[in-house]
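Here is how the chains run, residue by residue.
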Amino acid sequence: MEAVGFPGVPTDVARAVFERWPTVGASWPEIVSTELADICRRYSAKPASQAMPARYGFVVEAHTDAGPLIMRASPDPNGAFQAGVAMRLAELGVAPRIHEVFQGEAGTWTVMERVTPGTTLAELPLSVESLPALGALLRPLVGQPAPLPGMPTLCGWLRRRLDEGDHLSDLAPGRTPAPQAQRTEALSILAELEGESADGLCHGDASTRNILAGPSGLLVIDPRGVSGDIAYDVAVIALKARTHVPLPNGESVLADSVGVARDRTAAWFMVADAARV
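A brief structural summary. A quick note: this is a predicted structure, and the numbers were derived from the prediction, not measured.

What counts, and where the lines are drawn
- Residues numbered from 1 in each chain as written.
- Predicted model: local features only at pLDDT ≥ 70, side-chain atom pairs only at ≥ 80, totals over all residues.
- Heavy atoms only, no water.
- Helix = DSSP H or I, 4+ residues; strand = E, 2+ residues; numbered from the N terminus.
- Rg over C-alpha atoms; globule rule 2.2 N^0.38 Å.
- Buried < 20%, exposed > 50% of the residue type's maximum accessible area, 1.4 Å probe, protein only.
- Contact = heavy atoms within 4.5 Å.
- Arc of directions from axis to C-beta.
- Core = buried A, V, L, I, M, F, W, Y, C linked by side-chain atoms within 4.5 Å.
- Pairing = 2+ DSSP bridges.
- Expected span 1.5 Å × (residues − 1).
- 1 Å grid on protein atoms, 1.4 Å probe; cavity = no way out; pocket = protein on both sides within 12 Å on 5 of 7 lines; lining within 4 Å.
- Points joined across faces, edges and corners; volume = space filled by probe spheres on them.
- Nonpolar A, V, L, I, M, F, W, Y, C, P; charged D, E, K, R; others polar.

## Overview of the overall build of the protein chain
Line of reasoning, step 1. Within the protein chain, the secondary structure is distributed over nine helices and nine strands.
Line of reasoning, step 2. Its C-alpha atoms give the protein chain a radius of gyration of 19 Å, within 12% of the compact-globule value 19 Å for 277 residues.
Line of reasoning, step 3. Here the C-alpha coordinates of the protein chain stretch approximately 55 × 40 × 35 Å along the principal axes.
Line of reasoning, step 4. Scored against the burial criterion, the 277 residues of the protein chain give a buried share of 51%.
Line of reasoning, step 5. Counted over contacts in the protein chain with a minimum sequence separation of 6, partners at least 24 positions apart contribute 72%.

And the structure:
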């Protein structure tokens, strides 16, 4: 039974979680609600009446005397790696402050500060003039090691997506699987990139909806939890921004601003596009 007065897991989220991780179990929404109630008591927090939009996890805003918090439960088996990346990004000042990370029956819980106003990059006006701010956001990641040992790799995740091809279940909105020839070329490029790259700190899912306007600039949220190459993040931002507004030479200008190689960023752009991230 869900905790009285606390928001439940939205039906579409519960369905998506069951489809992606069948072993999670039908009681997951009830466990989430019970654990949320315990967390809110610990923080003297009052949660919002409804959960925030999410695909594969439960996210709710809660209000405290010290300010708003975000409480997030992820049943993803790699949730601990995602939290580890989020904590490192917070330490570098490019992500919200993390108050607590712990493992519960519902998976990995993360309690973090709420970004206000929290407008996503997808909702902000984009232009070439926006790129320096994006460069400043990503620059602290350059040269940083992966935050945890044994992390899944970005290259491994992308290879699986390219191999799945026509059977991908989580395509980017409005996209269809890439043709086989494009995927084959991308796999060849990926092999070269993997051989040249020491896996380090990266966000791994730097879409325009995972970049928020904060009180003193831009911040990133919801990292993928993989080790990889910051040039990939640059490429993904350029790829996603292209769907909102044309940015002539956007990936090259952004690569220069971050301090990563243009040719490497262009190669990652081709891989990300074929993988339909």
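Picking up where we left off.
## Looking at helix H4 (residues 131-138)
Line of reasoning, step 1. Among the residues making up H4, those that are buried are Leu131, Leu134, Gly135, Leu137 and Leu138. Along H4, the residues classed as buried sweep out an arc of 155° about the axis, all on the same side.
Line of reasoning, step 2. Where H4 is buried, its residues meet strand S7 (211-214), strand S8 (217-220), helix H7 (230-241) and helix H8 (250-258).

## Digging into the nonpolar core
Line of reasoning, step 1. The biggest cluster of nonpolar side chains holds 51 residues, and the ones touching the most others in it are Leu89, Leu158, Tyr232, Trp268, Val271 and Val277.
Line of reasoning, step 2. Among the secondary structure elements, those contributing two or more residues to this core are helix H3 (79-91), H4, helix H5 (154-164), helix H6 (180-196), H7, H8 and helix H9 (262-275).
Line of reasoning, step 3. Per element, the largest residue contribution to this core is ten residues, and it comes from H7.
Line of reasoning, step 4. Excluding anything up to four places from it in sequence, valine 271 contacts Leu158, Leu162, Ala186, Ile189, Leu190 and Leu193.
Line of reasoning, step 5. Counting 21 residues, the second largest nonpolar core, distinct from the first, contains Cys40, Ala45, Leu69 and Met71.

## A closer look at the environment of valine 220
Line of reasoning, step 1. In this structure, valine 220 sits in strand S8.
Line of reasoning, step 2. Separated by eleven residues in sequence, valine 220 and arginine 209 have C-alpha atoms that sit 9.1 Å apart.
Line of reasoning, step 3. Beyond its immediate stretch of four places on either side in the chain, valine 220 contacts Leu89, Val94, Ala95, Pro96, Leu137, His203, Asn210 and Ile211.

## Side note on the pairing of strand S4 (residues 98-104)
Line of reasoning, step 1. Here S4 pairs with strand S5 (residues 107-113) via six bridges, running antiparallel. Of the residues in S5, the one forming a bridge with glutamine 103 is threonine 108.
Line of reasoning, step 2. Where S4 folds back onto S5 in an antiparallel hairpin, the turn is made up of two residues.

## Focus on H7
Side chains of residues three or four places apart in an α-helix project in the same direction, reflecting 3.6 residues per turn.
Line of reasoning, step 1. A rise of 1.5 Å per residue sets the reference length of H7, with its twelve residues, at 16 Å; its end C-alpha atoms lie 17 Å apart and thus fit the reference within 8%.
Line of reasoning, step 2. What H7 keeps buried is the set Ile230, Ala231, Tyr232, Asp233, Val234, Ala235, Val236, Ile237, Ala238, Leu239, Lys240 and Ala241.

## A closer look at the pairing of strand S2 (residues 58-64)
Line of reasoning, step 1. In terms of residue burial, S2 counts as a mostly covered element, since six of its seven residues are buried.
Line of reasoning, step 2. Two elements, S2 and strand S3 (residues 67-74), share seven bridges in a ladder whose sense is antiparallel. Bridge pairing in S3 places valine 59 opposite arginine 72.
Line of reasoning, step 3. The hairpin turn running from S2 into S3, its antiparallel successor, is two residues long.

## Side note on the layout of surface pockets
Line of reasoning, step 1. A volume near 280 Å³ is recorded for the second largest pocket.
Line of reasoning, step 2. Surrounding the second largest pocket, Ala16, Glu19, Arg20, Tyr56, Trp157, Arg160, Arg161, Glu164, Leu168, Ser169 and Asp170 form its lining.
Line of reasoning, step 3. Among the elements that line the lining of the second largest pocket, the one with the most residues is H5, at four residues.
Line of reasoning, step 4. Counted by class, the lining of the second largest pocket contains four nonpolar, one polar and six charged residues.

## Remarks on the environment of phenylalanine 18
Line of reasoning, step 1. By the secondary structure assignment, phenylalanine 18 is in helix H1 (residues 11-20).
Line of reasoning, step 2. According to the relative accessible area criterion, phenylalanine 18 is partly exposed, its value standing at 29%.
Line of reasoning, step 3. When near neighbours in sequence (up to four residues on either side) are disregarded, phenylalanine 18 contacts Gly25, Ala26, Trp28 and Pro29.

Bear in mind that shape data such as this cannot, by itself, settle questions of function.
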